[in-house]
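Structural description and commentary
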Amino acid sequence: MLNAKLKNYLHLHFLVFIAGFTAILGELITIKAIPLVWFRMVIAAVLMFLYIKIAKVKLKITPKALLRFSIAGIIIALHWITFFGAIDEANISIALAMFSTGAFFTSFIEPLIYKRTIIWYEILFGVIVIIGVFIITQSEIKYLTGIILGISSAFFSSLFAVLNGKFLKQHTATVISFYEFLSGVLFISIYILIFGEGFSADFFNLSQSDFGYLFILASICTAYAFIASVYVMKLISPYTVVLTYNLEPIYGIVMAIILFPEKEKMSPSFYYGASLILSIVILNGLLKNSRLLKRKHS
């Protein structure tokens, strides 16, 4: 029998694997990024509402909190749209490599939100990340649109993560996520009605495989992952959680190379640039969490 500690560690790695598998599903689903994210958020919101009813979670919040969650919901919707858009325009490897630049954006967004000074090594790491992106761009210029979308996705993801960090001090992750998903659905719906082709019969005409992949994406990779990640964070140190989640792009890129060898075959320069970015992400996680441990023991 596995002991409780080992079970929690395996659960954490399973959640990171799920996060990396999201990109694989993005490649398998044939519909475009905007409807994909709409369906993802609708299904996830319904599943989370069922969980809220079963678990008897209270949904009452203040109008001020609702406004904040709504803004965050729009941000997460933009993050997912640009992320899956990057996969459509380039491939999984490009999308995940650019997604790794999120640590660079966080190093500037976090001090603004939490009103702290910027740490010197964060600026250095930011410069190195830019060099990594430049190396990838030089060798994969044909994927420039995908690279820009991937970097945009990383920015939205970083902004969302920092904002959610503040929200979690006053509300549960389930309530936050539910309202964020609802606002994301509303935002995308308005966009589709004004700038898209509307909700025609064709919009809802999904193939059996697309619906199956979308359900996995919304249920396991979204609703379950959001709730389970909070549970894991209560049992495992933040240091371990943050460091392990830095493996997400690595898991995703390895899976992509195995499953889609032809489309994911990149130039050597891509792997040099991606390795540089991923190394900085992991090093940043190590340094940040060592500072947290020092503060706890001081």
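Here is a short report on the structure shown in this document. (Residues numbered from 1 in each chain as written. Predicted model: local features only at pLDDT ≥ 70, side-chain atom pairs only at ≥ 80, totals over all residues. Heavy atoms only, no water.)

Some thoughts on the overall build of the protein
What counts, and what does not: Secondary structure counts use DSSP, requiring at least four H or I residues in a row for a helix and at least two E residues in a row for a strand, with both numbered from the N terminus. We take the radius of gyration over the C-alpha atoms and set the globule estimate at 2.2 Å times the residue count to the 0.38 power. Each residue is assigned to one of three classes by its accessible area relative to the maximum for its type, calculated with a 1.4 Å probe on protein chains only: buried under 20%, partly exposed between the two thresholds, exposed over 50%. Any two residues whose heavy atoms approach within 4.5 Å at even a single point are treated as in contact. Only the protein chains shown count as cover for residues, with accessible areas throughout obtained via the Shrake-Rupley method and a probe of 1.4 Å. Charge counting treats Lys and Arg as positive and Asp and Glu as negative, with His and both chain ends excluded. Throughout, a charge is located at the NZ atom of Lys, the CZ atom of Arg, the CG atom of Asp or the CD atom of Glu.
Helices and strands together make up the secondary structure of the protein, namely twelve helices and zero strands. The N-to-C order of helical and strand elements in the protein reads α-α-α-α-α-α-α-α-α-α-α-α. The globule rule puts the C-alpha radius of gyration for 298 residues at 19 Å, and the 19 Å found for the protein is close to it. In terms of overall dimensions, the protein has a C-alpha envelope of 50 × 45 × 45 Å along the principal axes. Out of the 298 residues in the protein, the part that is buried amounts to 48%. A fraction of 88% describes how many contacts in the protein between residues 6 or more apart in sequence connect residues 24 or more apart. Carbon together with sulfur atoms contributes 70% to the accessible area of the protein, which is approximately 15,300 Å² in total. Taking the 23 positively charged and 13 negatively charged side chains of the protein as two groups, their mean positions are separated by 20 Å.

A closer look at the side chain of threonine 222
Inspection of the secondary structure assignment puts threonine 222 in helix 9 (residues 208-235). Other than its neighbours up to four places away in sequence, threonine 222 contacts Arg40, Ala44, Trp80, Phe181 and Leu217.

Some points on the nonpolar core
Here is the rule: To define a nonpolar core, start from buried Ala, Val, Leu, Ile, Met, Phe, Trp, Tyr and Cys residues and group those joined through side-chain atoms within 4.5 Å.
Residues Met41, Phe84, Ile94 and Ile136 are the most contacted members of the largest nonpolar core, which totals 87 residues. By residue number, the principal contributor to this core is helix 3 (residues 63-89), which donates twelve residues. When sequence neighbours within four positions are dropped, the list of residues in contact with methionine 41 reads Gly73, Ile76, Ala77, Trp80, Glu180, Phe181, Gly184, Val185 and Ile188.

Quick look at helix 5 (residues 102-114)
This is how the line gets drawn: The span expected for a helix works out to 1.5 Å for each residue beyond the first. Fitting one axis to the seven residues ending at a residue and another to the seven starting there, the bend at that residue is the angle between the two axes.
The end-to-end C-alpha distance of helix 5 is 17 Å, a good match for the 18 Å that 13 residues give at a rise of 1.5 Å each. The sharpest bend along helix 5 comes to roughly 25 degrees, located at phenylalanine 108, with the proline proline 111 sitting one to four residues further on. Three or more residues of helix 5 are buried, namely Gly102, Phe104, Phe105, Thr106, Ser107, Ile109 and Pro111. Among the structural elements, helix 4 (92-99), helix 6 (120-139) and helix 7 (144-167) are those in contact with the buried residues of helix 5.

Topic: the layout of surface pockets
This is how it is decided: Lining residues are those with an atom within 4 Å of a point, where the points come from a 1 Å grid over the protein atoms alone and group into cavities, where a 1.4 Å probe fits but cannot get out, or pockets, open sets with protein on both sides within 12 Å along at least five of seven lines. Grid points are joined across faces, edges and corners, and a volume is the space filled by probe spheres set on the points.
Considered as a void within the structure, the second largest pocket measures approximately 280 Å³ in volume. Taken together, Lys32, Ile34, Pro35, Tyr191, Ile192, Gly196, Glu197, Gly198, Ser200, Asp202 and Phe203 form the lining of the second largest pocket. Elements with a contribution of two residues or more to the lining of the second largest pocket: helix 2 (33-55) and helix 8 (173-195).

Looking at empty space enclosed by the protein
In this approach the atoms are scanned with a rolling probe the size of a water molecule, which exposes any empty space left behind. What counts here: Gly falls in the polar group here, along with every residue not listed as nonpolar (Ala, Val, Leu, Ile, Met, Phe, Trp, Tyr, Cys, Pro) or charged (Asp, Glu, Lys, Arg).
Enumeration over the complete set of coordinates arrives at one cavity of 30 Å³ or more. Looking at the largest cavity, its volume works out to about 50 Å³. Mapped by element, the contributors of at least two residues to the lining of the largest cavity are helix 5, helix 6 and helix 12 (268-297). Among the elements that line the lining of the largest cavity, the one with the most residues is helix 6, at four residues. In the lining of the largest cavity, the residues fall into five nonpolar, three polar and one charged.

Remarks on the environment of tyrosine 224
So the rule is basically this: Any pair of N or O atoms that falls within 3.5 Å is considered a polar contact. Within protein, one atom must be able to donate a hydrogen and the other to accept it, and sequence-neighbouring residues count only if both atoms are side-chain atoms.
With respect to the helices and strands, the residue tyrosine 224 is situated in helix 9. Taking relative accessible area as the criterion, tyrosine 224 reaches 32% and is therefore assigned partly exposed. Along the backbone, tyrosine 224 and tryptophan 80 are 144 residues apart, and their C-alpha atoms lie at a distance of 17 Å. Here histidine 11 takes part through its side chain, which lies 2.7 Å from a polar atom of the side chain of tyrosine 224.

Observations concerning a positive patch on the surface
The condition that has to hold: Patch building starts from residues that exceed 30% relative accessible area and form no salt bridge, then joins like charges within 9 Å and nonpolar side chains (Val, Leu, Ile, Met, Phe, Trp, Tyr) within 5 Å. Salt-bridge detection follows one rule: a side-chain nitrogen of Lys or Arg within 4 Å of a carboxyl oxygen of Asp or Glu.
A contiguous patch of positive charge on the surface is contributed by Lys64, Arg68, Lys115, Lys166 and Lys169. The residue arginine 68 is located in helix 3 in this model.

Details of a nonpolar patch on the surface
Together, Leu186, Ile190, Tyr191, Leu193, Ile194 and Phe195 make up an exposed nonpolar region whose accessible area comes to about 660 Å². Considering the arrangement of structural elements, one finds leucine 186 in helix 8. Judged by relative accessible area, which is 54%, leucine 186 ranks as exposed.

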